[in-house]
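Descriptive structure summary
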Protein chains: 2
Amino acid sequence: MVNVYFFGEITDKYILGNKGAQLSEMTKIGLPVPPGFTISTKVCIDVIKNKKYPEGLKEEVEANLKRLEEKTGKKFGEPDNPLLVSVRSGSYVSMPGMMDTVLNLGLNEKTLSGLIKQTNDERFAWDSYRRFVQMFGNVVMGVEHKKFEKILSSYKKGRADTDLAVEELKQIVDDYKKLIKEETGREFPDDPREQLYMAIDAVFNSWNNERAIVYRRLNKIPDDAGTAVNVQAMVFGNLGWDSGTGVGFTRNPSTGENKMYGEYLLNAQGEDVVAGLRTPKHIEEMKKDIPQVYEELLRIRNILEKHYRDMQDFEFTIEKGKLYMLQTRTGKRTAQAAIKIAVDMVNEGLINKKEAIMRVKPEQLDQLLHKQIDPKAKEQTKAVTKGLPASPGAAVGRAVFDPDEAFELEEKGEKVVLIREETSPEDIKGMAAAEGILTARGGMTSHAAIVGRSMGKPCVVGCESISIDEKEKKFTVNGTVVKEGDWITIDGGTGEVFLGRLPVVDPKIKGDFEIFMKWVDGFRDIGVRTNADTPKDAQRAREFGAEGIGLARTEHMFFEGDRIKAVREMILADDEDGRRKALEKLLPMQKEDFIRIFKAMDGLPVTIRLLDPPLHEFLPKEDEEIKELAREMGITFEKLKSVVESLKEFNPMLGFRGCRLGVVYPEITEMQVRAIIEAAIEVNKNGGNAKPEIEIPIVSMVEEVEFLKNVIEKVAKGIIEESGVNVEYKIGTMIELPRAAVLADKLAKSLDFFSFGTNDLTQTTFGFSRDDAGKFIPLYIERGILKDDPFQILDRDGVGELMRICIEKARKANPNIEIGICGEHGGEPKSVEFCCEIGLDYVSCSPFRVPIARLAAAQAKIHGNI
Amino acid sequence: MVNVYFFGEITDKYILGNKGAQLSEMTKIGLPVPPGFTISTKVCIDVIKNKKYPEGLKEEVEANLKRLEEKTGKKFGEPDNPLLVSVRSGSYVSMPGMMDTVLNLGLNEKTLSGLIKQTNDERFAWDSYRRFVQMFGNVVMGVEHKKFEKILSSYKKGRADTDLAVEELKQIVDDYKKLIKEETGREFPDDPREQLYMAIDAVFNSWNNERAIVYRRLNKIPDDAGTAVNVQAMVFGNLGWDSGTGVGFTRNPSTGENKMYGEYLLNAQGEDVVAGLRTPKHIEEMKKDIPQVYEELLRIRNILEKHYRDMQDFEFTIEKGKLYMLQTRTGKRTAQAAIKIAVDMVNEGLINKKEAIMRVKPEQLDQLLHKQIDPKAKEQTKAVTKGLPASPGAAVGRAVFDPDEAFELEEKGEKVVLIREETSPEDIKGMAAAEGILTARGGMTSHAAIVGRSMGKPCVVGCESISIDEKEKKFTVNGTVVKEGDWITIDGGTGEVFLGRLPVVDPKIKGDFEIFMKWVDGFRDIGVRTNADTPKDAQRAREFGAEGIGLARTEHMFFEGDRIKAVREMILADDEDGRRKALEKLLPMQKEDFIRIFKAMDGLPVTIRLLDPPLHEFLPKEDEEIKELAREMGITFEKLKSVVESLKEFNPMLGFRGCRLGVVYPEITEMQVRAIIEAAIEVNKNGGNAKPEIEIPIVSMVEEVEFLKNVIEKVAKGIIEESGVNVEYKIGTMIELPRAAVLADKLAKSLDFFSFGTNDLTQTTFGFSRDDAGKFIPLYIERGILKDDPFQILDRDGVGELMRICIEKARKANPNIEIGICGEHGGEPKSVEFCCEIGLDYVSCSPFRVPIARLAAAQAKIHGNI
């Protein structure tokens, strides 16, 4: 059996590990990689199981070492012309916790003289030896890093490493060796072969150290994957001004421009680039510095692109004028670059459209749809704190702590950022008026986050480090006080908060974006709708490619202007008559809303959810506000207070809401249906095509649906008949409670559509309130108990299983039923993929996520059959 | 086809309806029933479908009428010797809303003279006629009842019916007929045959009146069941002192004594007995009054018991010395009587043990386990209001509004009833001290109700009509003010609240109860455990037959005495060390609890749930209390307030609780496991046999279980090994979240047991909070949307479906897994039946429901195969 492979022989990453496979592949396609070999991952498992190396391994290693000597023209352990190697671990995925790297292996006091001869640089050679002893002593022999550092700093006395003289370095090496002897009871090995085998042992053993085991468990990496060991000839970029090191990209990772991009430093090691002590040069300057190397790099860049058929990043070292490639991998890029590169590469014939579509991360598109802080300004300004990035984009405005004030200031032409402990539906007006929203509490699916995203409004939530004093209209953060009227800037894409007024830039959406999205739509076969409550949102979503509205929440409409007053009258009414009178006032306003939404979505389906939130959300909570409202409404404080009290709930999420309101007060449902149908008639009468889908929320019982369906049909039929105008409408329900999911067959029989409300379904399936789960979800993720926040990424095992049960039952009972999703997950790529898998008809998400969902859906489809 | 059956021909209640079948059956077994015939239910459906009677129906009716004339020796419509009949509806179940009864049909001014001749009583005859015209005019011809009453009272002028003279009756009849003519446009029919067919029509048509339709829908009675029409010869009990009427039971319905029991009135009609104007005589007196009738009744009583093989109630009429049986049915009885009758009848050889077991309603047993208000006193006192009967038994005590005061007064020897808006875990001490608990808010599964039942403490909850002023220490109900210290009495079995101090009686549990329960246990094959948190409850439950503890809630232990202080210290600790220090203080107390519980349940399994409620339940809420506690704990108000604030939750039910506490603070779990295992060692060391089952609550993820199982095993293993004492313990989880149910296969693999927490599972499956659902559940039941409160009776379709999915997955993955239920449903008979059906290993319920669950389980088993 073969256990050791020379670079270029095979490229299977499960045998060679990722790093080994990469180096081997580059070698294979003729790139100048420092030669080396890889001991296979299978040996690792063998060693751990049988406590000994497989037979013949040593012979194989020696044979490869010999080959390496031949390739390099140097000899391992030969004092005159020593071969030095690096030894690195490498599993099929990169895995922290394992032994990483030993450089300069093969050095001892004899070979050192050879290195001096080779490099003509005694200080360099001794420094290399010092580093080797320290690295080997630490990672192979297990002596604590800080103990070496202590010795080192006792010599440096505040100077830089480079200031150490040869004599000092010699003394340090001596001290290191003494330390190692003391700590381990063993002499530091002088024999290069002993060094090599000890290093190999150390790599294999590190597979089962605790950090590695934990990491594997958390990331579901099989314990029997094993790690490989890579042994590679050393090259040095710091052997003079004809040496150097650098990193690059085959195309511009920021703009996507088809032009090599990168930086380098002459006479330097990789760590010098990282340390930032010297400023690297732009790769273009290499043309002048070392033109033949530049030409060589350009040639390699072209090979890389042709071979990997994607933009690559790479690391290289130049040793005395000779270029070596040390690493390459797919390059990270901005959204803009991703799209440009994908479109360009199709045009260049490098990849096909399917591949192009797979090249752009759906989440990235978000970057293209919002204003951004000018990257230059951002580089120069430190964020004062950071919250959760709830809704992307930059917002710049004056700090305001009260939604009404936000509204008034905006009316006056001021730009404001609304800062709240947390937001509630009453704040909507102020949120709409603000440039952005910042809250101290709440998670990624808190009210502020959801509304922010649905409005496409930059939003940072759960910024726990800010301490808000709403009364005094100020907040304190890390000792700084921000008062009302002070300018602040937030970045909803990163969660950063800046003091002052940072410049913003409009995103440059190139024509490539449009081309790309057209390709995308050609591959996807699940519908994409939007969650939109206003004509403006509907219009925007349609521009972003939405094929209808999957969720229009009617309650948001209830908070606007005078409406809240009528809503409150309804709640405070003593009897049905009183409620009906108040509802009469709401009717024309709701109707007008629907007319405008139907027009914006002309010809496309519009799913309208009947009133959903508990009624107490429409009433004030504090005594002061109650007093004021009581005066306004002309009732006593006591009466209003007692209504507020009576509506209080222990668990509002599980309270008197959704269809329960309609069952208890059918007159509310009647008014809403009347508004919907009359609006549709109005639109259709004027040549439009309104397609309302009336949705019943929070259903847990078949009987609720039967009751409300009866109410809806009675009203709708009457109005349609009377008008003589044709309106085709559907009736359906949200599936957001486990009971609805398991009774899907019975529900499906009498309904036209289902829409999964996975926010609430996640809450009830897990028994988590999303408002409260912030207390433990982060820790759950940290401890590896949860892989993702289930409010962000749909939980396939639990919530998804209920969805599967539901779909199977529903389709069996009613093959024509239309099934979609309108929870926040409808715009999250992994969740969209799952929705495709389980056969939903459409996903629905906030307008700004529509392009993301379109791309994710296309990728899911392609993923299935590329 | 036969459509009409003479009494005694057949006895199928689906053809004859229930009443017809009963009369026919009594006739068949030779009892003296006034003869008659029944038009079958099938005719009803025929009439409604085809709008006409089936062919030949009239001929059949006439033939049966002829047979009736022959039987009675009277002739229908014959002036000299008229046959009068009653016409009654009757479906296979009794059904309000349909036309009920027309008596004296066949009377007109001609046959009236015959009646006078027959009875020799002109006034009686005219009064009968007056009643007939009124009844017929109302139920057959549809004239409003009150219009007749208006005419009648204009003659009565305050006198009794019986004071009306013949002349007045004649005028009334005249006025009635005029009224009918005016209202309906039709003459009152004189022809007895016309009367008869009109009445038959009316019965059939009433099948589809609105009230009947609604009732059928609510009670799931098929629309095509139809009603029968019963036509029966009239008999009169008011034809003199050799006539009479009465009701009776074949045995004493109160004590169960094997002796006929009943009351009668001579020269009276059934309605006279009901009206209560004359006091009926005890049936024993009949021996002297009319001895030959008494003997006949006794003979019939024996026939009834032998035939029906159960205690019957019956109605009879004596017409001129001749006894007629008008009705019989299974007699209602007290729990005591039910048991005595069942045991006696087995001993008498009338029924077998299986039948005996089926004769006692499980819910009834509750009556035998609690103190009761003296029935005599109750008859004489009107309840001042009524709430929900949450936990049975009578409690008498002084009104107290503060739990601490309740505790202090009880210490001083006072009896108190604790009155609260609602209770919370902090009130436990006061609740335990009180005789009973009365709350203004909350449903049958509110905190007060659950704790009340688990303590066996009388409890009335959700008594919305009382308005509590906790500050002023008083409540107002219907205008009456009850102040602290006033005596009140509550009946937790009926929900009644009385002012003052009613006498109570100890229930007399006869030896029959014990015999009966032994039989019960012989038939059941599901285990019955108890939910008990204290040694006292455990002991009591064991006496009631519990075979272990299915749920011991450790948090209740945390509220006692000094413990709450240590718990608070733990919550307020800044770090793990601080928490551990506080937990150290709790350890010996928890251990002591468990030792006592293990001893009480020696040899039986004890399921102990790890800490479950959110931590804020252990802290005060009001600023005043926070201030006080802060002083006590020696910290600042601000610090304590900020902890309280940070622990606040929007939806505590879905918050930071259950195993989430253990995952975040494993040291809590460690302490609890240490206490459990050390206690078991202590018990086993001294010859006992503790069988702890450690239960992880609120699990939604396999990873939570793995994490905590690891914590539990590590602690347990260490202690057991160190002690050298053998302790067998199990680890399991509650299934109370839908996600746990659908992931049961994965959970089952590593666990020994599951226990369904159906309270929470119902909440999350329905998306109802049980604390809030009180707002709409009653209305849902009223509108027929819910049949039962799912917190009382397990919802088979939804929650039950999840349980089925869970059990199937779990048993497939781990055939040895033990599965039980510990929600409130574990003691509710219908739910217990379901638990048997789906194959649970045991049910667990509060101590006072253990006998109920035992009986329900036996009945479920017998029900399957009697």
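One can find the structure itself at the top, above this paragraph.
This report concerns the structure included in the present document. The structure displayed is predicted, hence computed values, not measured ones. (Residues numbered from 1 in each chain as written. Chains lettered and ligands numbered in written order. Predicted model: local features only at pLDDT ≥ 70, side-chain atom pairs only at ≥ 80, totals over all residues. Heavy atoms only, no water.)

1. Considerations on the overall build of chain A
For chain A, the count of helices and strands is 35 helices and 31 strands. Expressed as lengths along the three principal axes of its C-alpha atoms, the size of chain A is roughly 105 × 60 × 55 Å. Within chain A, the proportion of its 866 residues that are buried is 57%. When contacts within chain A are restricted to residue pairs at least 6 apart in sequence, those whose partners lie at least 24 apart make up 68%. (Helix = DSSP H or I, 4+ residues; strand = E, 2+ residues; numbered from the N terminus. Buried < 20%, exposed > 50% of the residue type's maximum accessible area, 1.4 Å probe, protein only. Contact = heavy atoms within 4.5 Å.)

2. Some words on the pairing of strand β25 (residues 549–553) of chain B
All names here are of chain B. Burial analysis of β25 places five of its five residues in the buried class, which makes it a mostly covered element. Two strands pair when backbone bridges link them, and strand β24 (residues 527–531) and β25 are joined in this way by two bridges, in the parallel orientation. The residue of β25 that forms the bridge with N531 is L551. Bridge count for β25 against strand β26 (residues 605–609) is three bridges, and the pairing is parallel. Looking across to β26, one finds that A552 is bridged to I608. (Pairing = 2+ DSSP bridges.)

3. Thoughts on the relation of the copies chain B and chain A
The two chain copies are related to each other by a rotation about an axis together with a translation along it. Once turned by 179° and shifted 0.1 Å along the axis, chain B lies on chain A with an RMSD of 0.5 Å. What the superposition gives is, in effect, a two-fold axis relating one chain to the other. Most of the interface of chain B is mirrored in chain A: 100% of its interface residues are interface residues there too. (Least-squares fit on C-alpha atoms with pLDDT ≥ 70 in both.)

4. Quick look at the nonpolar core
Ranked by internal contacts, the top residues of the largest apolar core, which has 294 residues, are F516(A), F754(A), F516(B) and F754(B). Here F516(B) is in contact with I339(B), A342(B), V343(B), A356(B), I357(B), V360(B) and L855(B), once residues within four sequence places are set aside. (Core = buried A, V, L, I, M, F, W, Y, C linked by side-chain atoms within 4.5 Å.)

5. So, the packing of aromatic side chains
The geometry of an aromatic ring pair comes down to the distance between the two centres and the angle between the two planes. One pass over the full model with this rule turns up 42 aromatic pairs over all chains. A ring pair is formed by Y14(A) and Y92(A), whose centres lie 4.9 Å apart and whose planes are at 40°; its orientation type is tilted. Taken together, the positions of Y14(A) in helix α1 (residues 13–28) and Y92(A) in the loop between β3 (85–90) and β4 (101–105) put the pair 78 residues apart, joining distant regions of the chain. When its relative accessible area of 17% is taken as the criterion, Y92(A) is described as buried. Arranged with centres 4.9 Å apart and planes meeting at 85°, the rings of F148(A) and Y176(A) form a pair that is edge-to-face. Of this pair, F148(A) sits in helix α6 (residues 145–156) while Y176(A) is found in helix α7 (residues 166–184), placing the two residues 28 residues apart along the sequence. Grouping aromatic residues by their ring pairs yields a cluster made of F656(A), Y665(A), F766(B), F768(B), F776(B), Y780(B) and F791(B). Here the guanidinium or amino end of K58(B) rests over the ring plane of Y197(B), the centre of that ring lying 5.2 Å away. (Phe/Tyr/Trp six-rings, centres within 6.5 Å; stacked < 30°, edge-to-face > 60°. Lys NZ or Arg CZ within 6 Å of the ring centre and 35° of its normal.)

6. Section: the sheet that holds strand β27 (residues 691–696) of chain A
Residues and elements named next belong to chain A. Read around the closed barrel, eight strands run β24-β25-β26-β27-β28-β29-β30-β31, paired in parallel fashion. Strand after strand, the sheet turns through a mean of 30° between neighbouring axes, direction not considered. Bridging between strand β28 (residues 730–735) and strand β29 (residues 753–756) involves four bridges; their strand directions are parallel. Along β29, the bridge assignment pairs T733 with F754. (Axes fitted to C-alpha atoms, helices over the stretch in contact; angles between N-to-C directions.)

7. Here we look at helix α20 (residues 535–543) of chain B
Residues separated by three or four positions in an α-helix point in the same direction, a consequence of the helix having 3.6 residues per turn. Residue and element names in this part refer to chain B. Listed in full, the buried residues belonging to α20 are P535, D537, A538 and A541. One side of α20 carries all its buried residues, which in axial view fall inside an arc of 160°. In α20, the exposed residues that point more than 90 degrees away from the buried face are K536 and E543. One or two positions beyond α20, positive phi appears at G545, with a value near 105°. (Arc of directions from axis to C-beta.)

8. Notes on the sheet that holds strand β10 (residues 322–330) of chain B
Residue and element names in this part refer to chain B. Across the sheet, five strands lie side by side as β8-β7-β6-β9-β10; this open sheet has antiparallel pairing. Sheet topology places β8 (281–282) and β10 at the edges, where each strand pairs with a single neighbour. As defined by bridge partners, strand β6 (residues 244–249) adjoins strand β9 (residues 312–319) across six bridges and the pair is classed as antiparallel. By the bridge assignment, G248 is partnered in β9 with F314. Its contacts with the sheet place helix α12 (residues 291–308) against β9 and β10, and it is angled at close to 30° to β10.

The values are spatial; any link to function lies outside them.
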